[in-house]
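A structural walkthrough
The primary structure of each chain is shown beneath.
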Number of protein chains: 2
Amino acid sequence: MMTEDTICAISTAPGMGAIAVIRMAGDKAFEIGDKVFRPAGKAKKLHEQNANSTHFGTIYDDDKDLDEVLVTIFKAPHSFTGEDIIEIACHGAPYIQQQLLQLLVKKGARMARPGEFTQRAFLNGKMDLSQAEAVADLIASENEAARRVALQQMRGGFSSELSTLRERLLWFISLIELELDFSEEDVEFANRDELTKLVNEIEAHLSRLINSFSLGNAIKNGIPVAIVGHTNAGKSTLLNALLNEERAIVSEIHGTTRDAIEDTINIGGVTFRFIDTAGIRTTADKIENLGIKLTYSKMSQAAIVLLLVDATDSQQKICDAINNVKSKIDAERQHLIVVVNKIDLIDQPQSLPITAMLTPQKNSSVVTISAKKHVNMDQLTNELLKTISLQAIDNNEVVVTNARHHEALSNAHEGILRVKEGLASGISGDFLAQDIREVLHYLGTITGQISTDEVLGNIFKNFCIGK
Amino acid sequence: MMTEDTICAISTAPGMGAIAVIRMAGDKAFEIGDKVFRPAGKAKKLHEQNANSTHFGTIYDDDKDLDEVLVTIFKAPHSFTGEDIIEIACHGAPYIQQQLLQLLVKKGARMARPGEFTQRAFLNGKMDLSQAEAVADLIASENEAARRVALQQMRGGFSSELSTLRERLLWFISLIELELDFSEEDVEFANRDELTKLVNEIEAHLSRLINSFSLGNAIKNGIPVAIVGHTNAGKSTLLNALLNEERAIVSEIHGTTRDAIEDTINIGGVTFRFIDTAGIRTTADKIENLGIKLTYSKMSQAAIVLLLVDATDSQQKICDAINNVKSKIDAERQHLIVVVNKIDLIDQPQSLPITAMLTPQKNSSVVTISAKKHVNMDQLTNELLKTISLQAIDNNEVVVTNARHHEALSNAHEGILRVKEGLASGISGDFLAQDIREVLHYLGTITGQISTDEVLGNIFKNFCIGK
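Owing to the predicted nature of the structure, the values given are computational and were not obtained by experimental measurement. (Residues numbered from 1 in each chain as written. Chains lettered and ligands numbered in written order. Predicted model: local features only at pLDDT ≥ 70, side-chain atom pairs only at ≥ 80, totals over all residues. Heavy atoms only, no water.)

1. With respect to the overall build of chain A
The condition is simple: Think of it this way: any DSSP run of H or I at least four residues long counts as a helix, any run of E at least two long counts as a strand, and we number them from the N terminus. Only protein chains enter the accessibility calculation, which uses a 1.4 Å probe; a residue is then buried when its area is under 20% of its type maximum, exposed when over 50%, and partly exposed in between. In what follows, a contact means two residues having at least one pair of non-hydrogen atoms within 4.5 Å. What sets the accessible areas is the Shrake-Rupley method with a 1.4 Å probe; for residues, cover comes only from the shown protein chains.
Scanning chain A for helices and strands turns up 16 helices and 13 strands. Counting over 467 residues, chain A shows a buried share of 54%. A separation of at least 24 residues holds for 71% of the contacts in chain A among residues at least 6 apart in sequence. With an accessible surface of roughly 20700 Å², chain A has 49% of that area assigned to carbon and sulfur atoms.

In structure tokens form, the structure reads like this:
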């Protein structure tokens, strides 16, 4: 077990701040701490101090004073990793942070790998694997929905659902195995009708979790929205209008975390990624150039296609545009929102047959706005939010956001379908048991009851150092 | 007094980290803390908890859970600012940091101004002004010397020197003022010979402090070094060689704190700023173009001029180069180091009369190296370090690094010279007392015994937020 080393890392963001926190965890955390820290008051050893207490003092590199710091003590097993931990809050000069880290290494600690503290928390049973993964998701969360889902998962919401599923399956398998023990007597402890009912329930449950991934993924990575339409339909005005509505929420967060390649706008706690497209010129029915081809290609990646039309255009032109885009999108997985812009420029709204045109189309709606005058912008943002069902989040339901979990759930789902078939066709108990064990295996990989070093390595390497 | 507000700020570096720390200080710190924090264990109020204790729990925005955090409690007056303080260590997502900060503001705190925590520490008598300024210097320190000087100042080294000076002057002035009370009787309580001795001592002391500023400033801002010489003398090889020797120290620090405009190299804990210059072509005696003029202009800004010559060149060419540069530098304030490079390319060192050429020149020396083969590089770095007297730092003497202090000390010094003159010319006690009071005034502005809102505003506006 790697918990024999004492590890250390800078846990706060890189760069200069008022303070920085350096964390050290492991058997020798107090011993190494005593070598470098001299408390301002009575010179007690760190292990003699109360758990969860903070002490002012000076860090010394032998006789040289390095910095005045606050040291907080956490005692095993009541700490994040389950080990002895000290956290040193020093002055936030990068130079001092580095010197202090190097000093701890010189005195016997080792630099922590990315996510190694959380990995130890997992290995020491302080959290399961899906909770550990949620820690990284929480740190990376850039909007309200992502934060909520990650926090819920970190607090064990997902784990308890999975554990309920596993328990029900374990009960199932124990009955089947009992039958196998008495196989010569041809008894049936597990009532096949009840089992079928249970398997159906579990299958529905897994399906729900798997389906939640499209929402979870959208929450985590942002929902791709392609704005298409004639170049003069007001695309940039629309984007600016949306940005203005939400600037207070967006600006402070994005500048610090990522370069804007696309316009991302946070609406109602959800991030929408607006994909840049060239204008579509619908000259009769012919695609004219590569730019337009590219637009269609980008449109196909979007979850929402926002078709912007100009209210001052002729009815024919508008209808052509709608029909054109309608023919290009996949109504099963893409939402179409027709946005009739510039209604401030016309005296009376045309009675466009848009709603009628869209009626046979699933997942489609129409909004009439003026981006320039900020008319009906809230209707548009509501339509955007309606395309994703945030109800699951509001109800505190479990939403799967992690591709690894999604894969494991899908594999478990395949297994449960085989169980269902097996039950229908009346296959023997040992085959049934084998399929159920496979389901249990996949569910176990999510929470980490079953894990390999390779899987763990892949998970934790994406963490930041110091967590 | 501004300490009636409760203030809050993110104290760790901006951006994403494993954790971030939000600090809240003021009368309502615990009250606001109780509104948002629910501890995991027994639901004690924060003021009922022990001082300097850390508590795990959840931050709630009314009914919505925002994050799981650690809250550390510091109770007035035993805290950094002297007020009640709580520090919230949350997950380091910028989004969560912002949400938490906004929540504290919603519940009654105010966003702190830059340096406002330290300003309160000063106003509440936890530290004097020079110590408060040292906090900012410590956070900005990029090398060992800067860190040491700042830490010494923060821990009160400077303050105690100044307070000794002030005490001696106060004793002086009290005797003079006693004389004034008895002025009609023409008594002399203050022995003028002893006073003259004391004033001389103080004058010498102030002179030493003022002179230390050239070192202090160099430590704080880096020591400007101009490398000049023929373009083929090996300038970039030399810079690379210096960088290689020290890369371990330099690389981790600089990338995180500033864009490299010049090459800065940390040697022996001191930062040297190598100023880029065009090569100097000494064709007979004529300056040929603007590039060379610019080189001379940059050379004049340098504290050290490093003249690189090529050992394979003719003796005449080398001597010309030395004479040329010698004539351009100010020997009073600039050091000249002649670096004879490429000694690996010659069989026998030429017996160059360099030392003789430099002999009448103050502050000059010669080193023979091969930058390419790393021969004698340590001699060169020693010569660079010798140009600044680090003895003061090694002896833990007070080094003035702050331009404001330098100005106040210079003003105090002018005052003490007037006192000295006055004593020599036997002016009356009331004039003497006036000059001494001026000296006391200037010394008082350094430690902040005398300060204006404007001065404080100028000092603290340059702090980072959260300190």
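2. Focus: the environment of Gln98 of chain A
All names here are of chain A. Relative to the assigned elements, Gln98 resides in helix H2 (residues 94–106). On the basis of relative accessible area, Gln98 is assigned to the buried category, the value being 16%. Sequence separation between Gln98 and Pro224 is 126 residues; the distance between their C-alpha atoms is 40 Å.

3. Description of the relation of the copies chain B and chain A
Rule in force here: Copy-to-copy superposition: least squares on the C-alpha atoms, limited to residues that have pLDDT of at least 70 in both copies.
Screw-axis analysis of chain B against chain A gives a translation of 0.0 Å along the axis, an RMSD of 0.1 Å, and a rotation angle of 180°. These values place the two chain copies in the arrangement generated by a two-fold rotation axis. The C-alpha atom lying nearest the rotation axis in chain B is that of Ser53 of chain B; the distance is 2.2 Å. The share of interface residues of chain B whose copies in chain A are also at the interface is 100%, consistent with both copies meeting through the same surface.

4. Structural notes on the layout of surface pockets
Basically, it comes down to this: With a 1 Å grid laid over protein atoms only, a set of points is called a cavity when a 1.4 Å probe fits there but cannot get out and a pocket when it is open yet has protein on both sides within 12 Å along at least five of seven lines; lining residues have an atom within 4 Å of a point. Grid points are joined across faces, edges and corners, and a volume is the space filled by probe spheres set on the points. Gly is put with the polar residues, along with every residue not named as nonpolar or charged; the nonpolar set is Ala, Val, Leu, Ile, Met, Phe, Trp, Tyr, Cys and Pro, and the charged set is Asp, Glu, Lys and Arg.
In this structure, the largest pocket spans a volume of roughly 900 Å³. Around the largest pocket sit 35 residues that line it, and His55, Phe56, Val69 and Leu70 of chain A together with Phe80 of chain B are the ones nearest its centre. Of all elements in the fold, only strand E4 (53–61), strand E5 (64–74) and strand E6 (85–91) of chain A together with strand E6 (85–91) and helix H4 (129–140) of chain B reach the threshold of two or more residues within the lining of the largest pocket. Among the elements that line the lining of the largest pocket, the one with the most residues is E4 of chain A, at 4 residues. When grouped by side-chain class, the residues that make up the lining of the largest pocket number 15 nonpolar, 11 polar and 9 charged. If you add up the space inside the second largest pocket, you get close to 680 Å³. In this structure, the second largest pocket is lined by 26 residues; those nearest its centre are Ser79 and Phe80 of chain A together with Phe56, Val69 and Leu70 of chain B. Secondary-structure elements contributing two or more residues to the lining of the second largest pocket are E6 and helix H4 (129–140) of chain A together with strand E4 (53–61), strand E5 (64–74) and E6 of chain B. Its residues assigned to classes, the lining of the second largest pocket shows 12 nonpolar, 8 polar and 6 charged.

5. Points about the pattern of salt bridges
Just so we agree on the cut-off: Any Lys or Arg side-chain nitrogen found within 4 Å of a carboxyl oxygen on Asp or Glu counts as a salt bridge.
Evaluated as defined, the whole model comprises 52 salt bridges over all chains. Note that Asp61 of chain B is salt-bridged to Lys106 of chain B, the shortest N-O span being 2.8 Å. Placement of the pair is Asp61 of chain B in strand E4 and Lys106 of chain B in helix H2 (residues 94–106), with a sequence separation of 45 residues. With a closest N to O distance of 2.2 Å, Glu177 of chain B and Arg437 of chain B form a salt bridge. With Glu177 of chain B in helix H6 (residues 157–181) and Arg437 of chain B in helix H15 (residues 429–447), this residue pair connects regions lying 260 residues apart in the sequence. A relative accessible area of 42% places Arg437 of chain B in the partly exposed class. Shared partners join several salt bridges into a network, and the residues in it are Asp5, Glu83, Arg110, Arg113, Glu116 and Arg120 of chain A.

6. Side note on the packing of aromatic side chains
All names here are of chain B. Applicable threshold: Stacked, edge-to-face and tilted labels apply to pairs of Phe, Tyr and Trp rings (six-membered ring for Trp) whose centres lie within 6.5 Å, assigned for plane angles under 30 degrees, over 60, and everything in between, in that order. Geometrically, a charge over a ring is one whose NZ (Lys) or CZ (Arg) sits within 6 Å of the ring centre while staying within 35 degrees of the ring normal.
Applying the stated criterion across every chain, the model contains 2 aromatic pairs over all chains. Pairing Phe460 with Phe463 gives two aromatic rings, centres 5.0 Å apart and planes at 45°, and the pair type is tilted. Given the relative accessible area of 2%, Phe460 is considered buried. Take Phe463: its relative accessible area is 7%, and that puts it in the buried class. Sitting above the plane of the Phe117 ring, Arg23 keeps its charged end 5.4 Å from the centroid.

7. Describing the interface of chain B and chain A
Accessible area lost upon the coming together of the parts serves often as the stated size of an interface. Definition in use: Here the quantity called buried area is the accessible surface, traced with a 1.4 Å probe, that two parts lose on coming together, added over both. Polar contact is the term for a pair of N or O atoms within 3.5 Å; when the atoms are in protein, one must be able to donate a hydrogen and the other to accept it, and sequence-neighboring residues count only if both atoms are side-chain atoms.
The partner chain A presents 53 residues to the 53 residues of chain B that form the contact. Of the roughly 4600 Å² buried between chain B and chain A on both sides combined, carbon and sulfur atoms contribute 61%. In terms of surface lost to chain A, no three residues of chain B exceed Ile19, Tyr95 and Arg155 of chain B, which account for 15% of the buried area on that side. Joining chain B to chain A, the criterion identifies 6 salt bridges. Between Arg155 of chain A and Asp65 of chain B there is a salt bridge, and its shortest N-O distance comes to 2.8 Å. Applying the counting rule to chain B against chain A returns 21 residue pairs in polar contact (both at pLDDT 80 or more). Elements with a minimum of two residues in the side of chain B that touches chain A: strand E2 (19–25), E4, E5, H2, H4, helix H5 (144–154) and helix H8 (235–257) of chain B. Ranked by residues supplied to the side of chain B that touches chain A, first place goes to E5 of chain B with 8 residues. Its residues placed into classes, the side of chain B that touches chain A shows 23 nonpolar, 19 polar and 11 charged.

8. With respect to the sheet that holds strand E11 (residues 304–310) of chain B
Residue and element names in this part refer to chain B. What counts is decided by this rule: When DSSP finds two or more bridges between two strands, those strands count as paired. Here the axes come from fitting lines to C-alpha atoms, over the contacting stretch only for helices, and the angles between their N-to-C directions go from 0 to 180 degrees.
Reading across from one edge, E9-E10-E8-E11-E12-E13 is the order of the 6 strands in this open sheet, with mixed pairing throughout. Whereas interior strands pair on both sides, the edge strands pair on one side only; in this sheet they are strand E9 (263–267) and strand E13 (364–368). The average undirected angle you get between the axes of adjacent strands in this sheet is 25°. The pairing of strand E8 (residues 223–229) with strand E10 (residues 270–275) spans 4 bridges and is classified as parallel.

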